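Chain by chain, the residues:
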Amino acid sequence: MRKIILSVLAFALAAGIASANAGEPATVAAINAASVALDDAFERQTAEDIKRMMTADHIAVTPYYETPQTVAQQIASLPELKYKQTNTREVKVVVLGPDAGMRTFTARLDGTYKGKTIPSDVFVTSIIVREDGQWREKFYQVTALQP
């Protein structure tokens, strides 16, 4: 009986994700636009824009920050972060529901954090959620790739 229940739940979850992904071009476009705007705000180091485009409980995990960073910590460290990002593979967005999506891609980062060179070839994952009608980043992770 337990196996049957687990099988039904797994099937329902898979069907739900498939239907959430089908026919969601407007959601994917909105998620991509919000992410591109946030990346641009970081490159320009515009603290108010960055704060507005992330959730209050946002967490960033990168190989250059020493620990997971909150919004306030990221903004405080902006003078220490100098970089330019170039995406090297197509961005993929998985719609997780009407108000959430996961965005992944590989990129080249050229820059420094606290005067040290940051990893250049990376895999980026972000979770974007719709909050009060606006798409905002909730989670951001950068994983360094082997050269």
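The shown structure was predicted, so the numbers you read here are calculated from the model rather than taken from an experiment.

Student: If you had to explain the pattern of salt bridges to someone new, which residues and values would you point to?
Tutor: In this structure the tally under the stated criterion is eight salt bridges. With a shortest N-O distance of 2.8 Å, Asp 49 and Arg 52 are connected by a salt bridge. With Asp 49 and Arg 52 both in helix H3 (residues 47-52) and three residues apart, this pair spans about one turn of that helix. Owing to a relative accessible area of 17%, Asp 49 belongs among the buried residues under this scheme. The network of salt bridges with shared partners includes Asp 40, Arg 44, Asp 49 and Arg 52.

Student: Quick one: what's the story with unusual backbone geometry, residue by residue and with numbers?
Tutor: Non-glycine residue Gln 45 carries a positive phi angle of around 60°. Residue position: Gln 45 is located in the loop between helix H2 (25-44) and H3. One non-glycine residue, Asp 132, adopts positive backbone phi at about 55°. In this fold, Asp 132 is placed in the loop between strand S6 (121-131) and strand S7 (134-144).

Cut-offs applied
- Residues numbered from 1 in each chain as written.
- Predicted model: local features only at pLDDT ≥ 70, side-chain atom pairs only at ≥ 80, totals over all residues.
- Heavy atoms only, no water.
- Salt bridge = Lys/Arg side-chain N within 4 Å of Asp/Glu carboxyl O.
- Helix = DSSP H or I, 4+ residues; strand = E, 2+ residues; numbered from the N terminus.
- Buried < 20%, exposed > 50% of the residue type's maximum accessible area, 1.4 Å probe, protein only.

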